[in-house]
Amino acid sequence: MASILVTRDQFNITPQGITHKPTDASFTPHCGAPLSGSMRLGQLENDAPTIGDHYDPDVVKELMTLLWAEYVAANLDLFYGGQRPEVGGPQNTPS
């Protein structure tokens, strides 16, 4: 079974979080701490289909983490009032 290519344009990014549109996997940041929050796997939680292509959950999560960290770094005013914190990827907490 082949994995479908995961690309930047498949993600919707807003100050409220990031969502992988094809699978509805998402990361929602905690208020006041945009690099920590909750990740919901959407359709990635379903068992792998027996026929056809699918998205690799690890690849989706990896790209989601990267894109969210880039978004926060590029929009510090939205999250930190312009102060530069230490920027890394999202930290998952159980939902």
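Here's what I pulled together on the structure shown here. Everything quoted here is computed from the prediction, not taken from an experiment.

Examining the overall build of the chain
And then number 1: For the chain, the count of helices and strands is two helices and five strands.
And then number 2: When the helices and strands of the chain are listed from N to C terminus, the series reads β-β-β-β-α-α-β.
And then number 3: Within the chain, the fraction of its 95 residues that count as buried is 33%.
And then number 4: Long-range contacts, defined here as pairs at least 24 residues apart, represent 54% of the contacts in the chain between residues at least 6 apart.
And then number 5: As displayed, the chain offers around 5,800 Å² of accessible surface, 50% of which is attributable to carbon and sulfur atoms.

Examining the packing of aromatic side chains
And then number 1: Applying the stated criterion to the full structure yields four aromatic pairs.
And then number 2: Seen from their ring centres, Tyr71 and Phe79 are 6.2 Å apart, and the 75 degrees between their planes marks the pair as edge-to-face. As far as the burial class goes, Tyr71 and Phe79 line up, both buried.
And then number 3: The structure contains a cluster of three or more aromatic residues connected by ring pairs, namely Phe27, Trp68, Tyr71 and Phe79.

Observations regarding the environment of Thr7
And then number 1: Mapped onto the elements, Thr7 comes out in the segment before strand E1 (11-14).
And then number 2: The exposure class of Thr7 is partly exposed, given its relative accessible area of 24%.
And then number 3: Between the C-alpha atom of Thr7 and that of Leu63, which follows or precedes it by 56 residues, the distance is 8.1 Å.
And then number 4: Polar contacts involving the side chain of Thr7 include one to the side chain of Asp9, which spans 2.3 Å.

Reading the values: rules and limits
Residues numbered from 1 in each chain as written. Predicted model: local features only at pLDDT ≥ 70, side-chain atom pairs only at ≥ 80, totals over all residues. Heavy atoms only, no water. Helix = DSSP H or I, 4+ residues; strand = E, 2+ residues; numbered from the N terminus. Buried < 20%, exposed > 50% of the residue type's maximum accessible area, 1.4 Å probe, protein only. Contact = heavy atoms within 4.5 Å. Areas by Shrake-Rupley, 256 points an atom, 1.4 Å probe, with all protein chains shown as cover. Phe/Tyr/Trp six-rings, centres within 6.5 Å; stacked < 30°, edge-to-face > 60°. Polar contact = N/O pair within 3.5 Å; in protein donor to acceptor, adjacent residues only side chain to side chain.

Function cannot be read off these values alone, since they describe shape.
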